Amino acid sequence: MSKSLQKIGVLELTKTCINKEIGDLVTKHRYDEIVKLELEDYFRDVTVSLRKSNSLTKSLKIFFKNQTEEVLIISSKSLDFKQKISVVDSLNTLKKITEIDIRIKYN
């Protein structure tokens, strides 16, 4: 893991929900509670090793049916680099299996 980024939680996109673990707080958001997901570049990581791996920091906005929203700052790839799939790949797959409005913005 990069010395400049600290892992404080885990975000998991499953077939039925988003599981979020931050510290001791565990939250599960079912897709039927979500209207829209927006992903955009937050800022490019400045360490040489992360630049070489093309890792980016992303802003993931979750818009809920109850008119609330949540913004999470996440890495585009798993910080421990054990998984090869990116968050963009996961959201593109999610587009195919849910009715959520998913927007991926490239800066």
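Just so we're clear, the structure is a prediction, and the values are computed from it rather than from any experiment. Residue numbers run consecutively from 1 along every chain, following the written order of its sequence. Confidence filtering applies because this is a predicted model: local features only for residues at pLDDT of at least 70, side-chain atom pairs given and counted only at 80 or more, and all residues used for totals across whole chains, interfaces and linings. With hydrogens and water set aside, each side-chain value is computed from the structure's full complement of heavy atoms.

### A word on the overall build of the protein chain
A count of helical and extended segments in the protein chain gives two helices and seven strands. When the 107 residues of the protein chain are sorted by exposure, 38% land in the buried category. In these tables, accessible area is a Shrake-Rupley quantity obtained with a 1.4 Å probe, and a residue counts as shielded only by the protein chains included in the view. Surface summary for the protein chain: the accessible area is close to 7200 Å², and the carbon and sulfur share equals 51%. Comment: elements are numbered from the N terminus, with helices defined as DSSP H or I runs of at least four residues and strands as E runs of at least two. We call a residue buried when its accessible area falls under 20% of the maximum for its residue type, exposed when it is over 50%, and partly exposed in between, using a 1.4 Å probe and counting protein chains only.

### Re the sheet that holds strand β2 (residues 17-22)
Here the rule is simple: two strands pair whenever DSSP picks up at least two bridges between them. Pairing in this open sheet of three strands is antiparallel, and the strands run β1-β2-β3 from one edge to the other. Bordering the open sheet on either side are β1 (9-13) and β3 (25-30), each of which pairs with just one other strand. Within this sheet the neighbouring strands show an average axis-to-axis angle of 10°, counted without direction. Looking at chain direction, β1 and β2 are connected through five bridges and run antiparallel. What sits directly across from L11, in β2, is K20. Every axis in this analysis is a line fitted to C-alpha atoms, fitted for helices over the stretch in contact. Angles between the N-to-C directions lie between 0 and 180 degrees.

### Structural notes on the nonpolar core
Grouped together as the largest cluster of nonpolar side chains are 17 residues, with contacts concentrated most on I34, L37, L39, L60, I62, L91 and I102. Elements supplying a minimum of two residues to this core: β4 (34-44), β5 (56-64), β6 (69-75), α2 (87-97) and β7 (101-105). Examining the composition of this core, we find that four residues originate from one element, α2, more than from any other. Setting aside residues no more than four positions away along its own chain, I62 makes contact with I18, I34, K36, L37, T68, E69, E70 and L72. Put simply, buried Ala, Val, Leu, Ile, Met, Phe, Trp, Tyr and Cys residues joined by side-chain atoms within 4.5 Å make one nonpolar core. Residue contacts are defined here by distance: any two heavy atoms, one from each residue, within 4.5 Å place the two residues in contact.

### A closer look at unusual backbone geometry
Positive phi values are uncommon outside glycine, yet Q67 reaches one of about 75°. Secondary-structure assignment places Q67 in the loop between β5 and β6. When its relative accessible area of 74% is taken as the criterion, Q67 is described as exposed.

### A short note on the confidence of the model for the protein chain
Parts of the model with low pLDDT should not have their predicted coordinates read in detail. pLDDT expresses how confident the predictor is about each individual residue, on a scale running from 0 to 100. On average, residues of the protein chain score 83 in pLDDT, and 76% of them reach the 70 mark or higher. Averaged pLDDT values for the elements of the protein chain fall to 53 in helix α1 (residues 48-52) and rise to 96 in β3.

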